[in-house]
Protein chains: 8
Amino acid sequence: MRLTVYLSGEIHTDWRDQVIAACADLNVDFTAPVTDHAASDDCGVAILGAEENKFWHDHKGAKLNAIRTRKAIEEADVVVVRFGEKYRQWNAAFDAGYAAALGKALIILQQPEHDHALKEVDAAALAVTRDPVQVAQILRYVIDGSLPG
Amino acid sequence: MRLTVYLSGEIHTDWRDQVIAACADLNVDFTAPVTDHAASDDCGVAILGAEENKFWHDHKGAKLNAIRTRKAIEEADVVVVRFGEKYRQWNAAFDAGYAAALGKALIILQQPEHDHALKEVDAAALAVTRDPVQVAQILRYVIDGSLPG
Amino acid sequence: MRLTVYLSGEIHTDWRDQVIAACADLNVDFTAPVTDHAASDDCGVAILGAEENKFWHDHKGAKLNAIRTRKAIEEADVVVVRFGEKYRQWNAAFDAGYAAALGKALIILQQPEHDHALKEVDAAALAVTRDPVQVAQILRYVIDGSLPG
Amino acid sequence: MRLTVYLSGEIHTDWRDQVIAACADLNVDFTAPVTDHAASDDCGVAILGAEENKFWHDHKGAKLNAIRTRKAIEEADVVVVRFGEKYRQWNAAFDAGYAAALGKALIILQQPEHDHALKEVDAAALAVTRDPVQVAQILRYVIDGSLPG
Amino acid sequence: MRLTVYLSGEIHTDWRDQVIAACADLNVDFTAPVTDHAASDDCGVAILGAEENKFWHDHKGAKLNAIRTRKAIEEADVVVVRFGEKYRQWNAAFDAGYAAALGKALIILQQPEHDHALKEVDAAALAVTRDPVQVAQILRYVIDGSLPG
Amino acid sequence: MRLTVYLSGEIHTDWRDQVIAACADLNVDFTAPVTDHAASDDCGVAILGAEENKFWHDHKGAKLNAIRTRKAIEEADVVVVRFGEKYRQWNAAFDAGYAAALGKALIILQQPEHDHALKEVDAAALAVTRDPVQVAQILRYVIDGSLPG
Amino acid sequence: MRLTVYLSGEIHTDWRDQVIAACADLNVDFTAPVTDHAASDDCGVAILGAEENKFWHDHKGAKLNAIRTRKAIEEADVVVVRFGEKYRQWNAAFDAGYAAALGKALIILQQPEHDHALKEVDAAALAVTRDPVQVAQILRYVIDGSLPG
Amino acid sequence: MRLTVYLSGEIHTDWRDQVIAACADLNVDFTAPVTDHAASDDCGVAILGAEENKFWHDHKGAKLNAIRTRKAIEEADVVVVRFGEKYRQWNAAFDAGYAAALGKALIILQQPEHDHALKEVDAAALAVTRDPVQVAQILRYVIDGSLPG
């Protein structure tokens, strides 16, 4: 079994690298959004021309990013969404809802202090994990049936 | 033209009442989540029995609420998602993503200070509004073509 | 909010009547399979002619019943599946899988001694209930937000 | 023609090995659930942490298994469901219903004493077989048109 | 339960009237193609102008008829396809294939001498009937569970 | 048979009124875009606030109009697209493509001098008409099988 | 561009070989039903055991063939349906309807004397051809834009 | 990430070559309609035989071209639609509508003087570009996150 896994959400820690490294020997194709924060924010105006109004500046960039993220979610077997400690991360929750509506297998990665705030998101998931190790263990189990330890 | 409109998001202000009142003379069927905060939090254990672990307490409730919210989103022509001043409101962003993936017409209601944080959500919307009056004006225009003033 | 609810599974107790009676004042349209056991078993040959081979006798009947059950599942907002004390009830589990694949809200009604055997079915459900009262309470909560007691 | 075939159901006999061995020279990609009974039962708590309540122990595991089984069913051209002599096997019937709703070609493998109990499941299938040899013969015929003997 | 039933196929006998009359007391909405043979053949040129080439004469008419037949098949719960004694009736078989691909419940009405020629069509049906009485009996059973006699 | 018909395209002649008047005795629900040209152009800024940049002025309005037009196309059984004598009318061709991809029955209303330029659009249609009378005659024939004259 | 092309219909002439040979240098994957008439008729009983009743003999075989034909149609970009001189060929028309409902590009291959009887089928096609050479020329044009002569 | 990109619209300038050349080092599969104007216009009659009536001459050709263009749009991740300086280009707008209804990521390439006429098309797009360089820059950013300069 080969999995395509989209790693959505927080871009300020190395959680993606941890998951990918722990799955190095598995049949997994990982995809992700552009994780360079500045590029992600400014791509629209950098390519399509400056906007005076910050709203449209953001709008043009968010739409370019949507080309990548929607394709990645639609092609994924599993969508992992990481909610970090900082920021509002509405785009992470948006991705989770988008994936849920498409029937994707959803894995949430978040700390217990957010359990109540994320209860609707967690209720749509097939697993709620606490660290990247658990995410990697799930992917390994799904692919070859082996468990940790 | 008759519209079915789901009013998602913030439950601590009277924005839903304002929209509904302003559309009283229009062919609109409004739906909404359960907006009684306590009932929404505790419905799972109130009906299905207590849980020691708060995670499962929340989980059982969130799943019951999902019966209502998914039906309402799937039947809606327009999904309005309100982001308020408080709380993380990940369920609002989740609903927006869910609606977007289903191709629903999405209207966001939020203040300018959240524009940057909501740029991915806004990019999937057909309108970004600042108050309930604008939401009602859009619904009126869509139904009968009349504009304010 | 108006719900269409399909009541699948066990046909030898009055659980359907209990659910329906408890929802008498609600906006719910209930559907069900043909619950006359003899008619359900023999409908095929009664209408289309006798079969020497019992397999085809059953086959003709099961296909006629499928006209009704598939339509009912496809039109349902909520599918309730009751697993009783007796018989193998593979058709109940089949209906649950069918409903799950269509994205229907699934409510399971079963006793704790079957929890382990039904864990895959329960994992696809939005609620696992123990008696018809709980099913009715869920439907009431989904429709008008009111809780028992 | 190349087929992807999901082998669902009974995990306590070697029927999968027999089908696979008999198709060794054919263009078939076989998939299956995790067939290590203990791993399948305990995967949830082994990765995500222990649960006091057996219901949630089972629930966490069943959801991890669903990541694998749903992907496998959705990608399959043919879903073979084996009903064995023992256990209630509601998950097998659930898989059959799930596959039927997705329009998959369904092959049932079961003994005649279960014909009546499985009549609704059989009615949704394109073949009802009695041993793994027949399953393999069907796959061979579908791929290259050759018949046994 | 209310059924929408499309009556496809042969237009030279009164089989539709027989089915409809026998279901007069049931909740069934019947639809059908235009059964006036001359109108059906000539509608294209009668409305859109004459064609020198008979192929395009037929083509314009067949496309107008498709507006009606496709809508009717798509909205039907049950599609009954009658193969009569005369003509090649490829449009009947085409409707059956169209309905089958949409997952409609298919009932075939034909005489035994055509069983072999229709075996692929019959294999996609939930019932193969021999006269309009059987069709009506099936619809009655599906709606209220009552059997003849 | 009852039809829902969306009348797309040209807004500067009374073709919609002619079609609607000629179908006054038929079971047809007609829908249309907002046909007040000024309102259609300015709705976005009238409700959501002025834009300095004409591109965004247009953008906000076009998105509000899309709420209405997409709902109308998705709910239509038949989409009639009128190409007039003036303007580029790319929105009419866009609607035709949108309707074609959704499998809607498409009727084009245009003059012969545009036949070559519209050949791809016409090839996706079930009828190419020259005046509103023909459109109305088609709708009448589809509903009750009667032909002109 | 690479095409997958299903060649449906008549199995008593070498039309498939002619199309395949004429496309030998093109990126086309051809699929077809089992064209050994005896194997196709008897596959069901040969694998699954004899039936006294000829109807069920045919039924078991037709369902096995459906595993192959439905997969092939669903995976095809283009479905070519050949109507020959002999037999009723309802399965060919059924395949055409099935393909049309799935939105497949349909090419019909038939002689002019059947034009009227096939007008509904032809109306759903993107080309009506008279010999295998035309079919191959279309596939060549679609792939690389080159025309005959 | 690998993209499949359909380049629709204007065929009289070298804009496709410019986009393709600028993406030569990227994982992009480009598809396009037949861009030989004469072949595209006459393919129908060249293969299927002459037509006296120019309408049917065009019709036969447009349908053959549809085999290619629909497959290409359906398989594309991104659809780029170029509106040039000349001709009415209704087929370009039709393709844009078709792609939008399928949920494809849409990039429009057009000059500012057409902004108002294309506002409905632009409103459905994820980017509005002014030259082939911008199109290529977007594809590069989507694939590897790098920005110009």
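In case you missed it, the structure is sitting above this.
Residues numbered from 1 in each chain as written. Chains lettered and ligands numbered in written order. Predicted model: local features only at pLDDT ≥ 70, side-chain atom pairs only at ≥ 80, totals over all residues. Heavy atoms only, no water.

(A) Looking closely at the interface of chain G and chain D. Contact residues are listed per partner, giving 17 residues for chain G and 22 residues for chain D. In total, chain G and chain D occlude about 1,600 Å² of area from one another, counting both sides; carbon and sulfur atoms represent 71% of this. Linking chain G with chain D are 1 salt bridge, by the criterion used here. For G:K71, the salt bridge goes to D:D77, with nearest N and O atoms at 3.0 Å. If you list the elements that add at least two residues to the side of chain G that touches chain D, you get α2 (37-48) and α3 (54-75) of chain G. Looking at the side of chain G that touches chain D element by element, the count peaks at 10 residues for α3(G). Tallied by class, residues from the side of chain G that touches chain D come to 10 nonpolar, 2 polar and 5 charged. (Contact = heavy atoms within 4.5 Å. Buried area = accessible area lost by both parts, 1.4 Å probe. Salt bridge = Lys/Arg side-chain N within 4 Å of Asp/Glu carboxyl O. Helix = DSSP H or I, 4+ residues; strand = E, 2+ residues; numbered from the N terminus. Nonpolar A, V, L, I, M, F, W, Y, C, P; charged D, E, K, R; others polar.)

(B) Focus on the pattern of salt bridges. With the rule as written, the count across this model stands at 80 salt bridges over all chains. Across the pair D:K60 and D:E51 runs a salt bridge, and its minimum N-O distance is 2.9 Å. For D:E51, a relative accessible area of 18% translates into the label buried. One network of salt bridges, with partners in common, ties together A:D41, B:K119 and B:E120. (Buried < 20%, exposed > 50% of the residue type's maximum accessible area, 1.4 Å probe, protein only.)

(C) Expanded view of the packing of aromatic side chains. Inspection of the entire model under this criterion finds 28 aromatic pairs over all chains. Their ring planes at 35 degrees and their centres at 6.2 Å tell us that H:F94 and H:Y98 sit as a pair that is tilted. Pair noted here: H:F94 and H:Y98 are both in helix α4 (residues 90-101), with a separation of 4 residues, about one helical turn. Using a relative accessible area of 7% as the deciding quantity, one classes H:Y98 as buried. Here the aromatic cluster, defined as three or more aromatic residues joined through ring pairs, consists of A:F55, A:W56, F:F55 and F:W56. (Phe/Tyr/Trp six-rings, centres within 6.5 Å; stacked < 30°, edge-to-face > 60°.)

(D) Structural detail: the sheet that holds strand β4 (residues 105-109) of chain F. Residue and element names in this part refer to chain F. If you walk across this open sheet you meet the 5 strands as β2-β1-β3-β4-β5, and the pairing is parallel. The two strands at the open ends of the sheet, each matched to only one other strand, are β2 (28-31) and β5 (127-129). Here the strands of the sheet are splayed against their neighbours by 20 degrees on average, with no regard to which way each runs. (Pairing = 2+ DSSP bridges. Axes fitted to C-alpha atoms, helices over the stretch in contact; angles between N-to-C directions.)

(E) Region of interest: the relation of the copies chain A and chain B. Note on the identical chains: chain A maps onto chain B by a rotation of 180 degrees and an axial translation of 0.0 Å, with an RMSD of 0.0 Å. When the rotation and shift are considered jointly, the pair of chain copies conforms to a two-fold rotation axis. The fraction of interface residues of chain A whose copies in chain B are also interface residues reaches 100%, indicating that both copies meet through the same surface. (Least-squares fit on C-alpha atoms with pLDDT ≥ 70 in both.)

(F) A look at the sheet that holds strand β1 (residues 3-9) of chain E. Residue and element names in this part refer to chain E. Across the sheet, which stays open at both edges, the 5 strands sit in the order β2-β1-β3-β4-β5 with parallel pairing between neighbours. With one partner strand each, in any of the chains shown, β2 (28-31) and β5 (127-129) form the two edges of the open sheet. Direction aside, the axes of adjacent strands within the sheet are offset by 20 degrees on average. Note: β1 against strand β3 (residues 78-82), 5 bridges, orientation parallel. Paired with V5 across the two strands is V78, which belongs to β3.

(G) The arrangement of helix α1 (residues 15-22) of chain A in detail. Residues and elements named next belong to chain A. Taken together, the buried positions of α1 are occupied by W15, R16 and V19. Within α1, the buried residues cover an arc of 105 degrees as seen down the axis, which keeps them to one side. In this structure, α1 carries D17 and A21 as exposed residues pointing more than 90 degrees from its buried face. In this structure, the buried side of α1 is in contact with β1 (3-9), β2 (28-31), β3 (78-82), β4 (105-109) and α6 (132-144). (Arc of directions from axis to C-beta.)

(H) Up close: the pairing of β1(A). Residues and elements named next belong to chain A. For β1, a buried count of 7 out of 7 residues is recorded, marking the element as mostly surrounded by other parts of the structure. Sheet topology places β1 next to β2; 4 bridges connect them, and they run parallel. Considered in β2, the bridge of T4 is made with D29. Handedness of the β1-α1-β2 crossover: right-handed. (Right-handed = clockwise from strand over helix to strand, strands pointing away.)

(I) Quick look at the side chain of E:D41. Along the chain, E:D41 falls in helix α2 (residues 37-48). You can call E:D41 buried: its relative accessible area is 15%. Setting aside residues up to four positions removed in sequence, E:D41 forms contacts with E:H57, G:H116 and G:K119.

(J) View of unusual backbone geometry. Residues and elements named next belong to chain B. Of note in this structure, Q89 is not a glycine but carries a positive phi near 55 degrees. Checked against the element boundaries, Q89 lands in the loop between β3 (78-82) and α4 (90-101). The exposure class assigned to Q89 is buried, which follows from its relative accessible area of 9%.

(K) Highlighting the arrangement of the chains. Structurally, chain A and chain E remain out of contact, their C-alpha atoms never closer than 20 Å. Over all C-alpha pairs, chain B and chain G never come within contact, reaching a minimum spacing of 20 Å.

(L) Main features of the environment of D:R70. Looking at where D:R70 falls in the secondary structure, it is placed in helix α3 (residues 54-75). The exposure class of D:R70 is partly exposed, given its relative accessible area of 25%. Placed 28 residues apart in sequence, D:R70 and D:Y98 show a C-alpha to C-alpha distance of 8.7 Å. The contacts of D:R70, once residues within four sequence positions are left out, are A:L126, C:A124 and D:Y98.

So yeah, pure geometry; function would need other evidence.
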